[in-house]
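Okay, here's what each chain looks like letter by letter:
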Amino acid sequence: MSTDGQPHILAIGGGSFIPDDRCGISPSPLLRYAVDLTGQDRPRICFLATASGDGDGVIGRAYAAFSRMEAEVSHIALFPMPNIPDMRSHLLAQDLVYVVGGSVANLLALWRLHGLDEMLREAWHEGVVLSGESAGALCWHVGGNTDSYGPQLRPLTDGLGFLPYSCGVHYDSDKQRRPLLQQLVSEGTLPDGYAADEAVALHYVGTEFVQAVSYEKGAGAYRIEPDGPGTAKETRLDVRLLASL
């Protein structure tokens, strides 16, 4: 559970893990920030790789990376069937739930099919910290844009809506992201919202945005709002720089 018992979400635009010559990947300061929100010396962390099809390679790499932390790690898989009989009880017993990136459209469809959407909402209200990168960041919001349907980005408007905002991820590394998100907000297809560059995370307490954090100097976070008919305004936000590993 979170340090203060409040609902926390850390939506990561990119950079949850960093390359490691010895172990492949290691948790970045962003993921360690999410762990710190739990207030636990040895937190219970459950990760979901639904967006990547619960691939063995992805799950194996995630376990290898999380093993670098003092934590009790588990995962929930939905292919070919749920690997945990009582997913609700398992989620409610966690301190942190982390969602791996991939196809957010497929993730949302499968979560709803298995009732994970409501289980995660309950866990969030009970103080379990929710986090994730890319699809794992978009999913908590009303929507954003996605490559779930192909390399040409398309709108996503049916996110879980725990957070009443639009969300932009990989904002500085994919040239399609910024103009499409601004277009969708300007025309009212999506509500106003927030966007994060690589190596940046957006921290919400309840439904309120509280701060952006990063381990890269100069990386940005942004507020996106309508600004008259057919236009949007982008405001760069302050970003708290985290200590490097």
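Structure first, text after, so check above.
*Asks:* Help me get a handle on the sheet that holds strand β10 (residues 166-168), residues and values and all.
*Replies:* A sheet is described by the order of its strands in space; here 4 strands give the open sequence β10-β11-β14-β15, paired in mixed fashion. The open sheet has two edge strands, β10 and β15 (232-236), and neither has a second partner. Along the sheet, successive strands turn relative to each other by an average axial angle of 25°, direction set aside. Examined bridge by bridge, β10 and strand β11 (residues 193-196) share 3 bridges and lie parallel to one another. Looking at the pairing, Ser-166 lines up with Gly-193 of β11. Where helix α7 (residues 177-186) meets the sheet, its contacts fall on β10, β11, β14 (221-226) and β15, and the angle it forms with β14 comes to roughly 35°.

*Asks:* Can you explain empty space enclosed by the protein? Please cite residues and give values.
*Replies:* Applying the stated criterion across every chain, the model contains 1 cavity of 30 Å³ or more. Estimates place the volume of the largest cavity at around 50 Å³. Within the residue set of the lining of the largest cavity, elements represented by two or more residues are α6 (135-138) and β8 (144-146). For the lining of the largest cavity, the residue count by class is 3 nonpolar, 4 polar and 2 charged.

*Asks:* So what's going on with the pairing of strand β5 (residues 72-76)? Which residues, and what values?
*Replies:* On a regular strand, one side chain projects to one face of the sheet and the next to the other, so that they alternate. Bridging between strand β4 (residues 44-48) and β5 involves 5 bridges; their strand directions are parallel. Note on β5: the bridge partner recorded for Ile-45 is Val-73. After leaving β4, the chain enters helix α2 (residues 56-66) and then returns to the sheet as β5, a path that is right-handed.

*Asks:* I'd like a rundown of the side chain of His-75, residues and numbers included.
*Replies:* Secondary-structure assignment places His-75 in strand β5. On the basis of relative accessibility, which here comes to 17%, the residue His-75 falls in the buried class. Here Tyr-63 takes part through its side chain, which lies 2.8 Å from a polar atom of the side chain of His-75. His-75 has contacts with Cys-46, Phe-47, Ile-59, Tyr-63, Asn-83 and Ile-84, leaving out every residue within four places of it along the chain.

Criteria and cut-off values
- Residues numbered from 1 in each chain as written.
- Predicted model: local features only at pLDDT ≥ 70, side-chain atom pairs only at ≥ 80, totals over all residues.
- Heavy atoms only, no water.
- Pairing = 2+ DSSP bridges.
- Helix = DSSP H or I, 4+ residues; strand = E, 2+ residues; numbered from the N terminus.
- Axes fitted to C-alpha atoms, helices over the stretch in contact; angles between N-to-C directions.
- Contact = heavy atoms within 4.5 Å.
- 1 Å grid on protein atoms, 1.4 Å probe; cavity = no way out; pocket = protein on both sides within 12 Å on 5 of 7 lines; lining within 4 Å.
- Points joined across faces, edges and corners; volume = space filled by probe spheres on them.
- Nonpolar A, V, L, I, M, F, W, Y, C, P; charged D, E, K, R; others polar.
- Right-handed = clockwise from strand over helix to strand, strands pointing away.
- Buried < 20%, exposed > 50% of the residue type's maximum accessible area, 1.4 Å probe, protein only.
- Polar contact = N/O pair within 3.5 Å; in protein donor to acceptor, adjacent residues only side chain to side chain.

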